[in-house]
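Chain and residue survey
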Amino acid sequence: MNKDLRRERDSASFNPELLTHLLDGGAERTRRRREIEALVLNNPDFQHEDLNFLSRSQRYEEAIRKSALMVVKLREYGIADPDEIYWFKSSIHRGRPEPLDLHLGMFLPTLLTQATLEQQDRFFMPAWNLEIIGTYAQTEMGHGTHLRGLETTATYDPATQEFILNSPTVTSIKWWPGGLGKTSNHAIVLAQLYTQGQCKGLHAFIVPIRQLGTHDPLPGITVGDIGPKFGYDEMDNGYLKMDNFRIPRDNMLMKYAKVEPDGTYVKPLSDKLTYGTMVFIRSHIVGDSARSLSRACTIAIRYSSVRHQSELKPGEPEPQILDYQTQQYKLFPLLATAYAFHFVGAYMKQTYHRITGDINQGDLSELPELHALTAGLKAFTSWTANAGIEECRMACGGHGYSRCSGLPDIYVTFTPSCTYEGENTVMMLQTARFLIKSYTQVSSGQLVSGMVSYLNDLSGQHIQPQQVAARPTTVHINDPASLVEAYKLRASRLVEAAAKNLQAELNRRKSQEDAWNRTSVDLVRASEAHCHYVVVKLFTTQLSEINDAAVHAVMNNLCLLYALYGISKHTGDFLQAGILTDAQVTQVYQRVKELLAAIRPNAVALVDAFDFHDNHLGSVLGRYDGNIYENMFEWAKKSPLNKTEVHESFHKHLKPMQSKL
Amino acid sequence: MPMHSPAMLQCLGCKHYQGFQQSQMAQWNRSGYFRSSGSRDVNPDLEAERQTASFSVERLTTILDGGADNTRTRRAVEAVIHSDPGFSRENQYFQSQNERYEEAVRKAVLLKEKMHQMGWTEDGPETKYCYRALGGDLAFNVHRVFKNSILALGTDEQIAKWIPLADEYHIIGTYAQTELGHGTFLRGLETTAVFDISTQEFTLNTPKISAMKWWPGDMGRSATHAVVFAQLYIKGKCYGLHAFILQIRSLRDHSPAPGVIVGDIGPKMNFEHIDNGYLMLQNINIPRENMLSRFSQVLPDGTYVKRGSDQINYLTMIVTRVQMLWNEVIPMLLKACTIAIRYSAVRRQSKLNPGDPEAKILEYQTQQQKLLPLLATAYAFHFMNAYVNEFYNKGYTEIKQGNFDSLPELHALTSGLKAIITDYCTGGAEVCLRACGGHGYSALSGLPFLYTKLPASCTYEGENTVLFLQTARFLVKCLATVHSGQPIPPSAAYLSSVDSGKCQAWTKMDFLKPDIYAEAYRHRATRLLGNAATKLQTLVQSGAEQYEAWNKCTVQLVQAAKAHCYYIVVKNFIDTVEKLRNEAEIQKIVKHLCDLFALHGIFSNTGDFLHDGYMSGDQMDMVTASYLDLLAVIRNDAVPLVDAFDFTDENLNSALGSYDGHVYQRLYEWAQKSPTNQQVSQAYASYLKPLFQSALSKL
């Protein structure tokens, strides 16, 4: 092991293994996770050449190969628990997407929730056995967020008892579904249903798209890959165009809505339940934000303790770049953020499971808040993690730009989560809608509960900034609980400001929609402040659950750093609301720098605790043993440009030119 | 300090006015899907935007180009380049690293022929427009750095020997400075050159793996020669870093020279067309004449002679930064804005009012708030060019006369501007990418290419944090000068002025007065620098060593340097608006952009201005109100404002950003050409078919 890294590890003040248990949710779960990862690591069939050296087609093929094997092995090992499946899958695909994601994550679950029993008989088992591979085709080239705007049509023909599917315009071509381009032979297609001359809105249909046996597109189907993207090389995101393509009546998913043989339309009972799936997927993205940022921090912090550069003290050897204050200032707040998001992700998962229990018993009361909270937190964490990964890459100087660092890959794989499953700005505005609703409720004298209950404190006060401001000086910058209060005040002030601005626009006789649009910048700020408060609160709550004193001490520092750094980046909000004084803000800046120095000796141990295997990390710079330079050289020698000693372009272009000139 | 510029730029191959811009898509033109600007059939949504422009787009274009003559020349050059299918970039996004490299070599050769044929010389006005038209798709950019380093550091004899060979491409050179383990800190480089009096030769060695040269562009596969930086040893004594010319590949069969291990460093985030390389030297002997000896020489008896000042080399570094900013970096932000804003005027999503059709996403305040401040930033940065040139020309004249007084200021100014501009352009391109929803992630939008290319600029030619600290060091010195009552360099002269300590605005309209916001920025810059300097002094007085105190203040010093640079940009934007007094319509819209740039900067950093009570909470609410009002005003001219950048469709190479706005058709047609749709994949036959077979009988 590199001697710098060894020294860092020897001097840690706590046992990282204990922290790993905390992150995994217990020692037993850590053990089981490692056991499952070992099943992948020890199986040579899951190993392959570095994906950075392969073309897109080759990467796709590698991914398909591993996915097919994965399904076989999952059943062979009897791995069925969702967490365990996730560990197995992310170990095999090393955190990257794979072509069966939509089949496993959308096609099968949709069959389970929206297909009738007869339909499940026909489709589920073949799909379970991968004889059918399906995708979920909703987004169109010209339409994403606004589902009512989708243009694909399914027109019922009672004469033949078939639906006729059409993509009437270029903008209506299905675009982006994963696994659609090359892999799937079926798709669940969302289309506007027309029967008896009337549009009945969006419904889901099972559409065969490729010939079983030859895998050729069926007549009337145009399907293909949408081309190269920013990352997602393994995924065949596809397009689908349908021209008078007929499917039998019972290929419409009819558990809720129905079309009778004569074309009579039967309405569904309620659609609130679809909230559940969205909540689940978005809460997963929060966890993913934490994991991706953790990987990036692991790489950047290990590298920063191995890399030496310039001189701090004249005459001394070049110091580790981790000793520079500017480097610590880049990386440690991100490290704290990664931990914060871990706890938020865990909280959301628990809440989801708890509420799902309630829902099954018919209690939907908590769903709107949870839905609003997950939307905002999905946006808040993915935006922050996205910027953080990039910051980590920049902090590695030139070598961060090489794909051997693994950071470009983490970045391009993660970034799309700012857009998919709900574009982030749209998500923030959904949370804002809930906040404004709660605020209005409070203003009319009703109390609200849950994470927004702080709004109750505003009630009956006719809320003037000065009054909120009257409370401030109680903030103690070394007390996490006091900082939670500060964030709470900031959130209530910004929610209030947005609500008032909205009202002011309405008073100018703007329509509801217009006024909303004119206030949306304020509304997004309010949502961000709310989410920030929730994260600080959850991190602080987590501290009380840590028993080991050494771990508690280091986590307390991280929690303080997270909260204080956030304040230092938004001092305007805290000053303007009178939550903090000028003098306190100066103290905050100072305290942040002290915390950087306090965290410095434990930085490597803190990333070790994330417990990423080198294989999963996929980074020469972030290797556990820190032997980076010799391994960069080994890696580079395998580059495609080095396959021959003299590149063919020498003979084709250089040599002829030299003789010509 | 470096004898030459800090190093990654040459490595990545985008040095100098080699800011080779985009190239073309002639094949597409033939297929009819990629029409150039000015074609008739335009998406009505874009047409409507253009009809309501408040100013003449053509007039603004000529202002941006620095005169109608320049616009004419540029368009003529673009026409020549775009009409040659050999420069097409249609397939660029589909190509592998190997293919990209080969294309870049082919195009570099083709361009050389084309320029010769057109009678364009390398120092003629057409050159930079060729680069704009071609984009980054050319090899041999570092070859030019190789030549420049010989011109700067070589004796007349050395120049006479090597430059003609290099001019004719009889040799291809690279510039090998950065090592695997060493970048910013040049004294830490480990490659050695030991002089042997008995043979009159230098022996070059890579003593360990971290000393391997790493990153130089054109080195991995192309170069035959290299200028190598190594620590010079004579009779056991180290004389520091010097430059040596050596041959690394055979001129006959291109195989590596004996003792040379050379290759490509592997895939990167972008720059796949450049063969960034590694180089290991094992007892390579070169004659004494191969040390570049303009400023220092080793005599046959081993005597080391130093002559003249090599300060002139700082100038090279400064020129490099300046050219890279305006020819490479800033245009990428301009392109990203063009793509995202045109797309936002064509894309419709959700409804603003029930009953209306879906609204253009550009109507949404949140979309305006993402894109319009970037548009203002693009203009702000573009206008800095004139300011920096003026500064540079004045300094250059003085330096030529042997007066180096203005060098530190020029260096500090360009360092800070390089850092702030590359930071903002990189961040901006990503905002543009994400503002285009899902389609932004398609390589065919052109945005992933811009986004992955830009961040390299935050590292090469000086890592940004290091550069901000260099600016800060200069400012701290200036502040000391202020206190001693001596004259201060012009760019920092404001440090000596006194302000009232309170913002003088009473209404939101007051925040549209340049004096008001300029003063606010000046106050912030002065305050942050003052705080950092005081802290530094306190630490030193309390017994900390200078270096230790400096490290403890670096976070604050970086903030101070950023505030300084931001002030300079705002101030120059204000001055630019004033100079447009004879262009009423244009002055009006540019003034709006200036206001937006300034107010957005305050809105995004409210704490900096509220701290110490310079602004009150009420004033901050006025800033926000004015800022949001401006978004709605500029929105009306957003498309004309990007049209004025006058990028051809071939330049943009984007399905979303083309002039005619037919985004969906283009996206669909282009995607079908993807190799994933053109080539047979084994995935189905090998892995999927066996799975599907058993379904046949059941369905």
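Residues numbered from 1 in each chain as written. Chains lettered and ligands numbered in written order. Predicted model: local features only at pLDDT ≥ 70, side-chain atom pairs only at ≥ 80, totals over all residues. Heavy atoms only, no water.

Notes on the confidence of the model for chain B
All names here are of chain B.
- Of the residues in chain B, 93% have a pLDDT of 70 or more, and the chain-wide mean is 89.
- Across residues 1–39 the pLDDT falls below 50, and counting only partners more than four positions away or on other chains, this stretch makes 190 contacts in the model.
- The ipTM, which scores confidence in the relative placement of chains, is 0.88 for this predicted complex, and the corresponding pTM is 0.91. (pLDDT = per-residue confidence, 0-100. Contact = heavy atoms within 4.5 Å.)

Remarks on the UniProt feature "domain: Acyl-CoA oxidase/dehydrogenase middle" (unreviewed entry) in chain A
- Per the UniProt entry, the sites bearing "domain: Acyl-CoA oxidase/dehydrogenase middle" (unreviewed entry) are residues 136–244 of chain A in this numbering.
- Regarding residues 136–244 of chain A, the helix share stands at 0% and the strand share at 41%, and the terminal C-alpha atoms are separated by 20 Å. (UniProt positions renumbered as here; feature names shortened; annotations may be inferred. Helix = DSSP H or I, 4+ residues; strand = E, 2+ residues; numbered from the N terminus.)

What to know about the packing of helix α8 (residues 141–153) of chain B against helix α9 (residues 156–167) of chain B
Residue and element names in this part refer to chain B.
- Between α8 and α9, the least distance of the axes is 10 Å, while the angle of their chain directions is 165°. When the interaxial angle is binned, α8 and α9 end up roughly antiparallel. Crossing handedness for the pair α8 and α9: left-handed. Every residue of α9 that contacts α8 at H143, F146, K147, I150, L151 and L153 is listed here: Q158, I159, W162, I163, A166 and D167. (Axes fitted to C-alpha atoms, helices over the stretch in contact; angles between N-to-C directions. Parallel < 35°, antiparallel > 145°, perpendicular 65-115°, else oblique. Left-handed = near helix turned anticlockwise from the far one by under 90°.)

Some points on the environment of A:T152
Residue and element names in this part refer to chain A.
- On the secondary structure map, T152 appears in the loop between β1 (134–137) and β2 (153–157).
- T152 sits 89 residues away from K241 along the chain, and the two C-alpha atoms are 9.1 Å apart.
- If we ignore the near neighbours within four places in the chain, the residues touching T152 are E140, N166, P168, S172, K174, V189, L190, A191, Q192 and M242.
- Looking at T152, its side chain comes within polar contact range of the side chain of E140, at 2.6 Å.
- Among the polar contacts listed, one links the side chain of T152 to the backbone oxygen of S172, at a separation of 3.4 Å. (Polar contact = N/O pair within 3.5 Å; in protein donor to acceptor, adjacent residues only side chain to side chain.)

Concerning the interface of chain B and chain A
- Chain B puts 139 residues into the contact, and the matching count from chain A is 128 residues.
- Both faces considered, chain B and chain A share a buried interface measuring about 11,100 Å² in area, 59% of it formed by carbon and sulfur atoms.
- The three residues of chain B that bury the most area against chain A are B:R221, B:Y441 and B:Y668, which together make up 7% of that side's buried surface.
- Taken together, the connections running from chain B to chain A amount to 54 residue pairs in polar contact (both at pLDDT 80 or more). (Buried area = accessible area lost by both parts, 1.4 Å probe.)

Points about the sheet that holds strand β7 (residues 260–264) of chain B
- Here we have three strands laid out as an open sheet, ordered β4-β8-β7 (chain B), and antiparallel in their pairing. Edge strands, defined here as strands with exactly one partner in the open sheet, are β4 (213–214) and β7 of chain B.
- Direction of pairing for β4(B) relative to strand β8 (residues 277–281) of chain B: antiparallel, over a ladder of two bridges. Bridging from a neighbouring strand, B:K213 pairs with B:L279 of β8(B).
- With respect to the sheet, helix α23 (residues 628–637) of chain A is in contact with β4, β7 and β8 of chain B, its orientation differing from that of β8(B) by roughly 115°. (Pairing = 2+ DSSP bridges.)

Some thoughts on the pairing of strand β2 (residues 192–196) of chain B
All names here are of chain B.
- Bridging between β2 and strand β3 (residues 201–205) involves five bridges; their strand directions are antiparallel. Residue F195 lies in a different strand from β3, and its bridge partner there is F202.
- Between the antiparallel neighbours β2 and β3 lie four residues, among them Q200 with a positive phi of about 60°.
- Looking at chain direction, β2 and strand β5 (residues 225–234) are connected through four bridges and run parallel. Looking at the pairing, A193 lines up with L232 of β5.

Points about the pairing of strand β5 (residues 186–195) of chain A
Residue and element names in this part refer to chain A.
- Among the ten residues of β5, nine are classified as buried, and the element is accordingly described as predominantly covered.
- As defined by bridge partners, β2 adjoins β5 across three bridges and the pair is classed as parallel. Paired with A154 across the two strands is L193, which belongs to β5.
- In this sheet, strand β6 (residues 198–208) lies alongside β5 in antiparallel orientation, the contact comprising nine bridges. (Buried < 20%, exposed > 50% of the residue type's maximum accessible area, 1.4 Å probe, protein only.)

Looking at the nonpolar core
- In terms of nonpolar packing, the biggest core is built from 303 residues, with A:Y339, A:M555 and B:Y379 touching the most fellow members.
- For A:M555, the contacting residues outside a window of four places in its chain are A:L19, A:Y339, A:F343, A:F539, A:L543 and A:I546.
- Membership of the second largest hydrophobic core comes to 27 residues, among which are B:C130, B:Y131, B:A133 and B:L134. (Core = buried A, V, L, I, M, F, W, Y, C linked by side-chain atoms within 4.5 Å.)

Digging into the sheet that holds strand β8 (residues 238–242) of chain A
All names here are of chain A.
- Strand order across the open sheet formed by three strands is β4-β8-β7, with antiparallel pairing between neighbours. Strand pairing shows two members of the sheet lacking a second neighbour, β4 (174–175) and β7 (221–225), which therefore form its edges.
- In terms of strand pairing, β7 meets β8 through five bridges, oriented antiparallel. Bridging across to β8, I221 finds its partner in M242.

Observations regarding the environment of B:K268
Residue and element names in this part refer to chain B.
- Note that K268 resides in the loop between β7 and β8.
- On the accessibility criterion, K268 (0% relative accessible area) is buried.
- On a C-alpha basis, the gap between K268 and S496 in space is 46 Å, while along the polypeptide they are 228 residues apart.
- At 2.7 Å, the side chain of K268 and the backbone oxygen of I274 are in polar contact.

Here's the deal with the pattern of salt bridges
- The tally for this structure, following the rule as stated, stands at 85 salt bridges over all chains.
- As a salt-bridge pair, A:K330 and B:E463 come within 3.5 Å of each other at their nearest N and O atoms. Remark: B:E463 occurs in the loop between α13 (447–453) and α14 (464–484) and A:K330 occurs in helix α9 (residues 325–360); the pair is interchain, linking two chains. The pair A:K330 / B:E463 is uniform in exposure class, with both members buried.
- A salt bridge links B:E102 to A:K652, with the nearest nitrogen and oxygen atoms 2.5 Å apart. Highlighted residues: B:E102 in helix α6 (residues 97–118) and A:K652 in helix α24 (residues 648–660), drawn from two different chains.
- One network of salt bridges, in which partners are shared, links A:R403, B:R100, B:E103, B:R106, B:K107, B:D137 and B:E272. (Salt bridge = Lys/Arg side-chain N within 4 Å of Asp/Glu carboxyl O.)

Let's talk about the packing of aromatic side chains
- Scanning all chains against the criterion turns up 45 aromatic pairs over all chains.
- On the numbers, 5.3 Å between centres and 85° between planes, the contact of A:Y239 with B:Y668 is edge-to-face. In this pair, A:Y239 sits in strand β8 while B:Y668 sits in helix α22 (residues 663–671), so the two residues belong to two different chains.
- On the accessibility criterion, B:Y668 (9% relative accessible area) is buried.
- Taking 6.3 Å as the distance between ring centres and 65° as the angle between the ring planes, the aromatic pair formed by A:F341 and A:F380 counts as edge-to-face. Linking A:F341 in helix α9 with A:F380 in helix α10 (residues 367–395), this pair joins segments that are 39 residues apart in sequence. (Phe/Tyr/Trp six-rings, centres within 6.5 Å; stacked < 30°, edge-to-face > 60°.)

Some words on the packing of helix α3 (residues 44–51) of chain B against helix α10 (residues 312–346) of chain B
Residue and element names in this part refer to chain B.
- Direction vectors running N to C along α3 and α10 enclose 110°, while the axes themselves pass 8 Å from each other. Considering their axes alone, α3 and α10 lie roughly perpendicular with respect to each other. Classified by chirality, the crossing of α10 by α3 is right-handed. Across the interface between the two elements, D45, L46, E49 and R50 from α3 touch R342, A345 and V346 from α10.
- Across the contact of α3 with α10, the residue classes tally to three nonpolar, no polar and four charged. (Nonpolar A, V, L, I, M, F, W, Y, C, P; charged D, E, K, R; others polar.)

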